[in-house]
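So the chains spell out like this:
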Amino acid sequence: MILVVGGTGFVGSHLIQRLRKDGVPVRAIVRSPRKAQALKDLGVEVVAGDIADKASLEAAAAGAERIIHLVGIIQEAPGVTFRGVHVEGTHSLLEAAKKAGVRHFFYQSALGTRPGAKSEYHKTKWEAEELVRASGIPFTILRPSLIYGAGDQFTLRLSEMLKISPVMPVIGPGRSKIQPIHIDDVVTCIAKAVASDAFLNEIYEIGGPAQLTYEEVTATIAGAMGLKRPMVHVPLFFVRPMARLLETVLPKPPLTTDQLIMFQEDNVCGMQDIREAFGVEPAPFSKGLKKFIKKAGG
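Described in the following lines is the structure provided in the data block. Residue positions are given per chain, counting from 1 as you read along its sequence in written order. With the structure being a predicted model, the display of local features is reserved for residues of pLDDT at least 70 and the display and counting of side-chain atom pairs for 80 or more, all residues being used for whole-chain, interface and lining totals. Based on all heavy atoms of the structure, the side-chain values leave hydrogens and waters out of the count.

**Section: the state of the cysteines**
A pair of sulfur atoms, both from cysteines and within 2.5 Å, is called a disulfide here. Under the criterion given, the structure shown has 0 disulfides. The structure places no disulfide on Cys269, whose sulfur is separated from the nearest cysteine sulfur, that of Cys189, by 10 Å.

**Quick word on the packing of aromatic side chains**
Within 6.5 Å between ring centres, the rings of Phe, Tyr and Trp (the latter by its six-membered ring) count as paired, and their orientation is classed by plane angle as stacked under 30 degrees, edge-to-face over 60, tilted in between. Throughout the structure, instances matching the rule amount to 7 aromatic pairs. Arranged with centres 4.8 Å apart and planes meeting at 90°, the rings of Tyr148 and Phe285 form a pair that is edge-to-face. Taken together, the residues span a long stretch of sequence, with Tyr148 in strand β7 (residues 147–148) and Phe285 in helix α12 (residues 285–289) at a distance of 137 residues. Under the scheme applied here, a residue whose accessible area is under 20% of the maximum for its type counts as buried, over 50% as exposed, and between as partly exposed, the area being computed with a 1.4 Å probe on protein chains only. The exposure class of Tyr148 is buried, given its relative accessible area of 0%. In this structure Phe285 comes out as buried when scored by relative accessible area, which is 7%. With 6.3 Å between their ring centres and 35° between their planes, Tyr148 and Phe292 make a pair best called tilted. With Tyr148 in strand β7 and Phe292 in the segment after α12, the pair connects residues that are 144 residues apart, well separated along the chain. By the ring-pair criterion, three or more aromatic residues cluster together here, those being Tyr148, Phe285 and Phe292. Any Lys NZ or Arg CZ found within 6 Å of a ring centre and within 35 degrees of that ring's normal is scored as a charge over the ring. The side chain of Arg133 reaches across the aromatic face of Trp126, ending 4.6 Å from its centre. Note on conventions: DSSP H or I runs of at least 4 residues are helices, E runs of at least 2 residues are strands, and numbering of each starts at the N terminus.

**Some thoughts on the environment of Glu88**
Inspection of the secondary structure assignment puts Glu88 in helix α4 (residues 82–100). Separated by 39 residues in the primary sequence, Glu88 and Glu127 have C-alpha atoms spaced 9.7 Å apart.

**Focus: the side chain of Ser159**
By secondary structure assignment, the location of Ser159 is in helix α6 (residues 153–164). Classification of Ser159 by relative accessible area gives buried; the value is 7%. Two residues form a contact once any of their heavy atoms are found within 4.5 Å. Leave out the neighbours within four places in its chain, and Ser159 touches Ile221, Met225 and Ile293.

What follows is the structure, encoded as structure tokens:
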């Protein structure tokens, strides 16, 4: 039995569909009754709970051989912090895993996670990784670059903005690089990692086949939508105070100061892990977009 924590999120929903298609028994912790029914329809065993509820984590972990920990947030909200979710939540889940005798703990981290990271997102992801490595439970840590596909918020927000904007806005110079990787390729890597013991006690960094600047990512999405827009760079000295203001007045601002830090950093890796360790040839960004991006007005 595999317990998936974060099974109703973007990655988790895709992963569970793959695991069930492969006939893998799956249990998932779910907060929303509406989402619980959708998982039950797939043959998933559902346990009501939350990453902040230690009792529910212990109940869900009982009898599980492997745990896939996918819970994470990209921005904070009232009562929901990076430290609370990434660090404290991971600690509680690891404690539940130890009590249950779980023999493999899979943790989805993020590319860019490292000691001394500038963003709170990466700092707390690193602390969570340290907890996983020190737990004594055999582990696998996966650090993907930007994951895109049906349901991802980055592509969705950017495409919705491009529909109504007369220009292609790019924050700052737009020269930092990322390696967008399609959700299907990420799910394939995770499914392989939890199917055997061949990936135990390893850290893997994965990304798509091309290192693209944010300029190129924006232009590629616009191209997939059939849009032609002039590109306009919005200076950081203008965006920073706006992000700070939005953080004070909105519970879910469209942009945060922590995200601005990450936008200015390269988020890239080599191809050895995904090609040699997982045997996956990741889809090019433009090809992956065609799987779910619709033409504007179409």
